[in-house]
Amino acid sequence: MKQLVIFDLDGTLLNTIEDLGNAVNYALKQMGYAPHLMEAYPGMVGNGVRKLIERALPAEAANPQVVDRMLVHFRSYYDVHCCDKTTPYPGIPEILAKLSADGVNLAVTSNKYQAAVTKIINHYFPDARWRAVLGNSPGVPTKPDPSIVFQALNDCPTPKRDVLYIGDSGVDMETARRACIESVGATWGFRPELELRAAYADHIIHTPDEILTLVLE
């Protein structure tokens, strides 16, 4: 039985795309750029807010100075509105409750900045058995660098053979591979199953219920 399950946040536990898209569109408008349709955003997320903004900007405008100004506008909106439209994926609250009741430790490792991760987890899943709730911090590289996973393992010491990492993107599968942890690709998120398979996911799951089977193996 696994002792620790590490989750990605966006696209794995929660459908955050509308709040993210609205925040980026707000920032774009403040800077005089055209907003995007919401359908464009799933392909932009996954590497942190800074990379999301770089991808949303016109290529000729995506210089560090413009991105820095966009980040200020993004955070002023997202800090207030990050829970407006975001919803847990069906079955996720029940799975977190079941794992917690069974004594399985839980962690979140996200490329989103720490303040937002903390607020969102406390809002949607306050009663889960969290041993680490980690977002991106200054000086720490974003996933697929495994540093944030190592931080979770430091907060909740667990043999790697007893850990699962669950995410919805190739970035997540690469993160788990670099950390030498068993990876689980969730197909209900922002990225296609083909991307998960191309990134050599150890397991592919289509519903949260399948997490329980993998934990018990």
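Residues numbered from 1 in each chain as written. Predicted model: local features only at pLDDT ≥ 70, side-chain atom pairs only at ≥ 80, totals over all residues. Heavy atoms only, no water.

### Quick look at the layout of surface pockets
Each pocket or cavity is described by its volume, and for the largest pocket that value is around 170 Å³. Sorting the residues of the lining of the largest pocket by element identifies helix 2 (49-56), helix 3 (64-81) and strand 4 (105-113) as the ones contributing at least two each. The dominant element in the lining of the largest pocket, judged by the number of residues it contributes, is strand 4, at three residues. For the lining of the largest pocket, the per-class residue count stands at three nonpolar, five polar and three charged. (1 Å grid on protein atoms, 1.4 Å probe; cavity = no way out; pocket = protein on both sides within 12 Å on 5 of 7 lines; lining within 4 Å. Points joined across faces, edges and corners; volume = space filled by probe spheres on them. Helix = DSSP H or I, 4+ residues; strand = E, 2+ residues; numbered from the N terminus. Nonpolar A, V, L, I, M, F, W, Y, C, P; charged D, E, K, R; others polar.)

### Observations concerning empty space enclosed by the protein
Enumeration according to the criterion identifies one cavity of 30 Å³ or more in this entry. As a volume, the largest cavity reaches approximately 230 Å³. What lines the largest cavity is a set of 19 residues, and nearest its centre among them are Asp10, Val45, Gly46, Asn47 and Gly48. Counting only elements with at least two residues in the lining of the largest cavity, the list comes to helix 2, strand 4 and helix 7 (170-179). Looking at which element gives the most residues to the lining of the largest cavity, the answer is strand 4, with three residues. Within the lining of the largest cavity, the residues separate by chemical class into six nonpolar, six polar and seven charged.

### Here we look at the side chain of Asp19
Looking at the element boundaries, Asp19 is found in helix 1 (residues 17-30). Buried within the structure, Asp19 lacks any salt-bridge partner; its nearest side chain of opposite charge belongs to Lys85, at an N-O separation of 7.1 Å. A distance of 2.7 Å separates a polar atom in the side chain of Asp19 from a polar atom in the side chain of Thr86. Setting aside residues no more than four positions away along its own chain, Asp19 makes contact with Tyr78, His81, Cys82, Cys83, Asp84, Lys85 and Thr86. (Buried < 20%, exposed > 50% of the residue type's maximum accessible area, 1.4 Å probe, protein only. Lys, Arg positive; Asp, Glu negative; His and termini not counted. Salt bridge = Lys/Arg side-chain N within 4 Å of Asp/Glu carboxyl O. Polar contact = N/O pair within 3.5 Å; in protein donor to acceptor, adjacent residues only side chain to side chain. Contact = heavy atoms within 4.5 Å.)

### Digging into the packing of helix 2 against helix 3
The interhelical angle for the contact between helix 2 and helix 3, taken along N-to-C directions, is 115°, at an axis separation of 10 Å. The pairing of helix 2 with helix 3 is recorded here as roughly perpendicular in orientation. Crossing of helix 2 against helix 3: the hand is right-handed. For the pair formed by helix 2 and helix 3, the contact residues are Val49, Arg50, Leu52, Ile53 and Glu54 on the first element and Pro64, Val67, Asp68, Met70, Leu71 and Phe74 on the second. Across the contact of helix 2 with helix 3, the residue classes break down as eight nonpolar, no polar and three charged. (Axes fitted to C-alpha atoms, helices over the stretch in contact; angles between N-to-C directions. Parallel < 35°, antiparallel > 145°, perpendicular 65-115°, else oblique. Left-handed = near helix turned anticlockwise from the far one by under 90°.)

### Observations concerning the nonpolar core
Within soluble globular proteins, side chains that are nonpolar generally end up buried alongside one another. Membership of the largest hydrophobic core comes to 55 residues, with the highest contact counts inside it found for Phe7, Leu13, Phe74 and Trp130. Excluding its chain neighbours within four sequence positions, the residues that come into contact with Leu13 are Phe7, Asp8, Pro88, Tyr89, Ile92, Leu96, Val108, Ile121, Phe125 and Trp130. Residues Val149, Cys156, Val163 and Ala176 belong to the second largest nonpolar core, which totals 15 residues. (Core = buried A, V, L, I, M, F, W, Y, C linked by side-chain atoms within 4.5 Å.)

### A few points about helix 9 (residues 209-216)
An α-helical segment advances 3.6 residues per turn. Residues three or four places apart therefore align on the same side. The complete set of buried residues in helix 9 reads Ile211, Leu214 and Val215. All buried residues of helix 9 project into a common sector of 100° when viewed along the axis, lining one side. Relative to its buried face, helix 9 has exposed residues pointing more than 90 degrees away, namely Asp209, Thr213 and Leu216. In the core, the buried residues of helix 9 are packed alongside strand 1 (4-7), helix 4 (92-101), strand 6 (163-167), strand 7 (182-186) and strand 8 (203-205). (Arc of directions from axis to C-beta.)

### As for the side chain of His203
Mapped onto the elements of the fold, His203 is located in strand 8. Within the structure, the side chain of His203 is placed 2.5 Å from the side chain of Glu182, a separation counted as a polar contact.

### Side note on the sheet that holds strand 4
Taken in spatial order, the six strands line up as 5-4-1-6-7-8 in an open sheet, and their pairing is parallel. On the outer flanks of this sheet lie strand 5 (130-136) and strand 8, each paired with one strand and no other. Sheet twist, expressed as the mean angle between neighbouring strand axes with direction ignored, is 20°. Along the sheet, helix 9 makes contact with strand 1, strand 6, strand 7 and strand 8, crossing strand 8 at roughly 150°. (Pairing = 2+ DSSP bridges.)

### Details of the environment of Thr87
Position of Thr87 relative to the elements: it lies in strand 3 (residues 87-88). Look at Thr87 and you get partly exposed, because its relative accessible area is 40%. Taking the C-alpha atoms as reference, Thr87 lies 8.7 Å from Leu13; in sequence the two are 74 residues apart. The contact partners of Thr87, leaving out residues within four places of it in the chain, are Leu14, Asn15 and Tyr124.

Geometric values such as these leave the question of function open.
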